[in-house]
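For reference, the chains in residue letters:
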Amino acid sequence: MTMIINETLRLYGPSSGLPRAVTREVQLGKLLLPANIDILPISIGLQRDPHFWGDDAHHFKPERFAEGIAKATNYTPAAFRPFGLGPRSCVGMTFATIEAKVALSMILQRYTITLSPAYVHSPIPVLTIRPQHGIQVILEPIHSNA
Ligand code: HEM
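Just so it is clear, the structure is predicted and the values come from calculations on it, not from any experiment.

1. Here we look at the overall build of the chain
Move 1: Secondary structure assignment for the chain yields five helices and eight strands.
Move 2: Projecting the C-alpha coordinates of the chain onto the three principal axes gives extents of approximately 65 × 35 × 30 Å.
Move 3: Taking all 146 residues of the chain together, the buried fraction comes to 8%.
Move 4: Looking at the chain alone, contacts between residues at least 24 apart form 52% of all its contacts between residues at least 6 apart.

2. Digging into the UniProt feature "binding site: heme" (unreviewed entry) in the chain
Move 1: Mapped onto the present numbering, the UniProt feature "binding site: heme" (unreviewed entry) falls on Cys90.
Move 2: In this fold, Cys90 is placed in the loop between α4 (69-72) and α5 (93-110).
Move 3: Contact partners of Cys90, with chain neighbours within four places excluded, come to Phe83 and Gly84.

3. A look at the site of the ligand
Move 1: As a structural note, the neighbourhood of the ligand is formed by 15 residues, with Ser15, Gly84, Cys90, Gly92 and Ala96 the closest of them.
Move 2: Here the residues of the shell around the ligand sort into nine nonpolar, five polar and one charged.

4. A closer look at the pairing of strand β6 (residues 123-126)
Move 1: Relative to strand β7 (residues 128-131), β6 runs antiparallel, the two sharing four bridges. Bridged to Ile124 within β7 is Arg130.
Move 2: Between the antiparallel neighbours β6 and β7 lie one residue, among them Leu127 with a positive phi of about 70 degrees.

5. Comments concerning the pairing of strand β5 (residues 111-115)
Move 1: Burial runs low along β5: only zero of the five residues are buried.
Move 2: Bridge count for β5 against strand β8 (residues 137-141) is five bridges, and the pairing is antiparallel. Considered in β8, the bridge of Tyr111 is made with Pro141.

6. Side note on unusual backbone geometry
Move 1: In the Ramachandran plot, Asn74 falls in the positive-phi region, its phi being about 55 degrees despite a non-glycine side chain.
Move 2: Note on Asn74: 11 C-beta atoms within 10 Å, which makes it exposed.

Parameters and conventions
Residues numbered from 1 in each chain as written. Predicted model: local features only at pLDDT ≥ 70, side-chain atom pairs only at ≥ 80, totals over all residues. Helix = DSSP H or I, 4+ residues; strand = E, 2+ residues; numbered from the N terminus. Buried ≥ 20, exposed ≤ 12 C-beta atoms within 10 Å, placed from the backbone. Contact = placed C-beta atoms within 7 Å. UniProt positions renumbered as here; feature names shortened; annotations may be inferred. Near = placed C-beta within 6 Å. Nonpolar A, V, L, I, M, F, W, Y, C, P; charged D, E, K, R; others polar. Pairing = 2+ DSSP bridges.

Quick look at the structure:
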């Protein structure tokens, strides 16, 4: 389940970019950033970059996390940062991850989930990344008394 959550956050994490204030002139690779500007590094670009993730970067492949995040990113922490990075990273990361696992476990103990034929894949950024037309699924009870 951890691998599935990580892969979901890699491709469809709620945060598409993390705004940062540049307080002093800084060289960032080939770019010379002047002081007193705001920048928006796009996380979703890094998390889909074939340089880090390979030619199948756009495919949903949870098994790429089978040996952990460090191995999946080839030891490049900035390539996977759905909860940010560094001293201002998300304080709710552990809570959110556990909550997702508890909720999913409760659903999967009771139902099988199939994607509805009505589903249209169209993730869009509206403050956060979200499915433009919702996610229609078919839930079937596993036990007759569910
Ligand atoms: C899947 C769920 C969540 C995701 C993807 C997420 C993602 C993020 C991201 C990307 C940041 C910005 C980090 C940065 O600027 O480097 C952030 C900050 C923050 N998040 Fe979350 N978050 C989630 C859930 C939560 C929850 C459940 C809580 C509270 C219980 C929470 C509390 C915070 C707080 C307080 C900050 C600001 C930290 C700071 O500025 O020092 N988040 N989160």
